[in-house]
Each structure stands twice: as structure tokens, then as C-alpha cells.
Amino acid sequence: QVQLVESGGGLVQAGGSLRLSCAASGRTFSSYGMGWFRQAPGKGREFVAAISWSGYSTYYGDSVKGRSTISRDNAKNTVYLQMNSLKPEDTAVYYCAARVKGIPTMVATIDYWGQGTQVTVSS
């Protein structure tokens, strides 16, 4: 069993930046693909970014491409999402996700979810 705990969300003005963190329990973190999804009120869960177990491969959703960077520190069992040039439409609950085998880019393939952290971008 893996537990994922997100942090770093909050209220920020448009154009600002936030860095989300996801701390994972368990000794097998370094073998999992990790990712971030988000869900705005009244909408489905949307893929944001993902990173391979090694950190060498990264993937981004179109809505954040060029404005966000995903990274991981396997020694600290932590994955990060740096978000820049934030827009009001980035407002959502952001969820950390883990996939035992493969890259977590689709909701249906996720093995573990965090509880989410709220990001609110004011205009």
C-alpha cells in the first residue's frame, strides 16, 4: 500500500507561481510512475503532468505545457509540480497519482491517489 500526501496549494494571483509537493510512503516509490491530475468544480479529473520512475521522461497536458515542470526526488520519496504563469482557469483541486507499472496519464490507470490540495488563482 502506498500513501500519497500533497502540500503546497493555496491562493495566488494570476501570473504567480506555486510549487506542489507529494510525499509518498513505501519503499517502492522509486519504481512507480508518478503524476498530477486536477479537478475543477463541475468538471472531470484532468491530466496535468507525469514523470517516469527514473525521472528521465516527462509528459504534460496541453493546458499546462510550457508553464509547468514535474520532477521527483527518489531519495526523498517526493514528486514536485512547479507551476508558473498561473491563470484563473488553473483553479482546481490537484491530486498526486501513482501507477505501479507505466506512466500515469489516464485516470483509469491510476493505482493510488492522494487526497488533493486546493489551488486557487485570483484574477
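In this report, we go over the structure that sits alongside the text. (Residues numbered from 1 in each chain as written. Predicted model: local features only at pLDDT ≥ 70, side-chain atom pairs only at ≥ 80, totals over all residues. Heavy atoms only, no water.)

This paragraph deals with the state of the cysteines. Counted under the stated rule, the structure contains one disulfide. With a sulfur-sulfur separation of 2.1 Å, C22 is cross-linked through a disulfide to C96. Between C22 and C96, the disulfide has an S-S torsion of -85° and is therefore left-handed. Highlighted residues: C22 in strand β3 (residues 18–24) and C96 in strand β9 (residues 92–99), separated in sequence by 74 residues. With respect to burial, C22 and C96 carry one shared label: buried. (Disulfide = S-S within 2.5 Å. Helix = DSSP H or I, 4+ residues; strand = E, 2+ residues; numbered from the N terminus. Buried < 20%, exposed > 50% of the residue type's maximum accessible area, 1.4 Å probe, protein only.)

With that out of the way, let us pick up the environment of G116. Here G116 shows up in the loop between β10 (112–113) and β11 (117–122). A relative accessible area of 16% places G116 in the buried class. Spatially, the C-alpha atoms of G116 and A97 are 9.7 Å apart, while their sequence positions differ by 19 residues.

Tallied over the entire structure, the rule returns four salt bridges. For D62, the salt bridge goes to K65, with nearest N and O atoms at 3.3 Å. By the burial criterion, D62 is exposed, and K65 matches it. When salt bridges with common partners are traced through the structure, they connect R38, E46, R67 and D90 into a single cluster. (Salt bridge = Lys/Arg side-chain N within 4 Å of Asp/Glu carboxyl O.)

So, about the pairing of strand β5 (residues 45–51). For β5, the buried fraction is high: five of the seven residues fall into the buried class. Examined bridge by bridge, strand β4 (residues 33–39) and β5 share six bridges and lie antiparallel to one another. Counterpart to F37 in the pairing with β5 is F47. Hairpin geometry of β4 and β5 is characterised by an intervening segment of five residues between the two adjacent antiparallel strands and by a positive phi of about 80° at G42. (Pairing = 2+ DSSP bridges.)

If you walk across this open sheet you meet the four strands as β1-β3-β8-β7, and the pairing is antiparallel. Both edges of this open sheet fall to β1 (4–7) and β7 (68–73), since each of them pairs with a single strand only. Neighbouring strand axes in the sheet, compared pairwise and without regard to direction, differ in orientation by 15° on average. Judged from the six bridges that link them, β7 and strand β8 (residues 78–83) form a sheet pairing that is antiparallel. Paired with T69 across the bridge in β8 is Q82. (Axes fitted to C-alpha atoms, helices over the stretch in contact; angles between N-to-C directions.)

Here the focus is the side chain of R67. One can find R67 in the loop between β6 (58–60) and β7. Discounting chain neighbours no more than four positions away, the residues touching R67 are Q82, M83, N84, S85, L86, K87 and D90. (Contact = heavy atoms within 4.5 Å.)

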